[in-house]
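Report on the structure
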Amino acid sequence: MKTVKKQEPIQNNTAEASLSDSELPQEQASVAYTPTSTNPGAMPANVEQMILTQISYPRQARRKGWEGKATFHLDVREQKLAHLDIFHSSGYKLLDRAAMRGIRAIDHLPLANGLYRLPVEFRLQ
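Just so it is clear, the structure is predicted and the values come from calculations on it, not from any experiment.

1. Some details on the overall build of the chain
Broken down by element type, the chain carries 5 helices and 4 strands. Looking at the chain as a whole, 28% of its 125 residues are labelled buried. The long-range fraction of contacts in the chain, counting pairs at least 24 apart against all pairs at least 6 apart in sequence, stands at 74%. Surface summary for the chain: the accessible area is close to 9600 Å², and the carbon and sulfur share equals 49%.

2. Points about the pairing of strand 3 (residues 80-88)
Two elements, strand 2 (residues 68-77) and strand 3, share 7 bridges in a ladder whose sense is antiparallel. Its bridge partner lying in strand 3, L74 is registered against L84. Taking the residues between adjacent antiparallel strands as the criterion, strand 2 and strand 3 are bridged by 2 residues, where E78 takes a positive phi near 50°.

3. Observations concerning the pattern of salt bridges
Following the criterion strictly, the structure yields 1 salt bridge and no others. Between D75 and R77 there is a salt bridge, and its shortest N-O distance comes to 3.1 Å. By relative accessible area, D75 is classed as buried at 3%.

4. A word on the packing of aromatic side chains
Inspection of the entire model under this criterion finds 2 aromatic pairs. Between Y57 and F122, the ring centres sit 5.2 Å apart and the planes meet at 85°, which makes this aromatic pair edge-to-face. In this pair, Y57 is assigned in the loop between helix 3 (45-52) and helix 4 (59-64) and F122 in strand 4 (residues 114-122), connecting sequence segments 65 residues apart. Residue Y57 is classed as buried on the basis of its relative accessible area of 15%.

5. Considerations on the sheet that holds strand 1 (residues 41-42)
Ordered in space as 1-4-2-3, the 4 strands form an open sheet in which the pairing is mixed. Here the strands that pair on one side only, and so sit at the sheet edges, are strand 1 and strand 3. Examined bridge by bridge, strand 2 and strand 4 share 9 bridges and lie antiparallel to one another. For V76, the partnering residue across the bridge sits in strand 4 and is G114. Against the sheet, helix 3 touches strand 2 and strand 4, its axis set at about 55° to strand 4.

6. Regarding the nonpolar core
Counting 24 residues, the largest nonpolar core has M43, I51, F72, L74, I103 and F122 as the members making the most contacts within it. At the level of secondary structure, the elements contributing two or more residues to this core comprise helix 3, strand 2, helix 5 (93-104) and strand 4. If you tally residues by element for this core, the top one is helix 5, at 6 residues. The residues touching F122, leaving out its near neighbours within four places in the chain, are I55, S56, Y57, P58, E67, G68, L95, A98 and A99.

7. Quick notes on helix 5
In a regular helix each residue adds 1.5 Å, so 12 residues correspond to 16 Å; helix 5 covers 16 Å between its end C-alpha atoms and thus fits that length. Regarding helix 5, the residues found buried are L94, L95, D96, A98, A99, M100, G102 and I103. In the core, the buried residues of helix 5 are packed alongside helix 3, helix 4, strand 2, strand 3 and strand 4.

Procedures and definitions
- Residue positions are given per chain, counting from 1 as you read along its sequence in written order.
- Only residues with pLDDT of 70 or above have their local features reported here, since the model is predicted, and side-chain atom pairs are shown and tallied only from 80 upward, although totals for entire chains, interfaces and linings are computed over all residues.
- Only hydrogens and water are removed before side-chain values are computed, so all heavy atoms of the structure are retained for them.
- Per the convention used, a helix needs a DSSP run of H or I reaching at least four residues, while a strand needs a run of E reaching at least two, with both numbered from the N terminus.
- A 1.4 Å probe rolled over the protein chains alone gives each residue an accessible area, and that area as a share of the maximum for its type sets the label: buried under 20%, exposed over 50%, partly exposed in between.
- For this analysis, residues touch if any pair of their heavy atoms sits within 4.5 Å.
- Each accessible area is a Shrake-Rupley result for a 1.4 Å probe, and residues are judged covered by the shown protein chains and nothing else.
- Any two strands with at least two DSSP-identified bridges between them are counted as paired.
- Salt bridge, as applied in this entry: a Lys or Arg side-chain nitrogen positioned within 4 Å of an Asp or Glu carboxyl oxygen.
- Working definition: rings of Phe, Tyr and Trp (its six-membered ring) pair if their centres are within 6.5 Å, and the pair is stacked with planes under 30 degrees apart, edge-to-face with planes over 60 apart, and tilted otherwise.
- Between the N-to-C directions of two axes lies an angle of 0 to 180 degrees, each axis being a line fitted to C-alpha atoms and, for a helix, fitted only over the stretch in contact.
- The term nonpolar core refers to a set of buried residues drawn from Ala, Val, Leu, Ile, Met, Phe, Trp, Tyr and Cys, joined through side-chain atoms within 4.5 Å.
- To estimate the expected span of a helix, subtract one from its residue number and multiply by 1.5 Å.

This is the structure we're talking about:
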């Protein structure tokens, strides 16, 4: 004859269920980055030009004849850069990093809160 143990019913502990965010362990209370919109808007031309003047064409890339166009998504909060993502690479990490450095160098972005698209083209003339 086989014996089967009787299982205890699962009890709903309401004390655990009503923990506030401040009482949760730190790793559970953290929030991952999520943009407010998944469809970034075009940046006004004057702000785009202001940012592009801060981006330097790396000397090594010029010597090697590297050109490319990258597209970045900027999440702006309170006229500051909250998050920067590369949406489309130029094809050269050196160019992508140079663009990101230039974008991050801007202290004040005269933009409303939101997600913006910024194309950056490296072209030898």
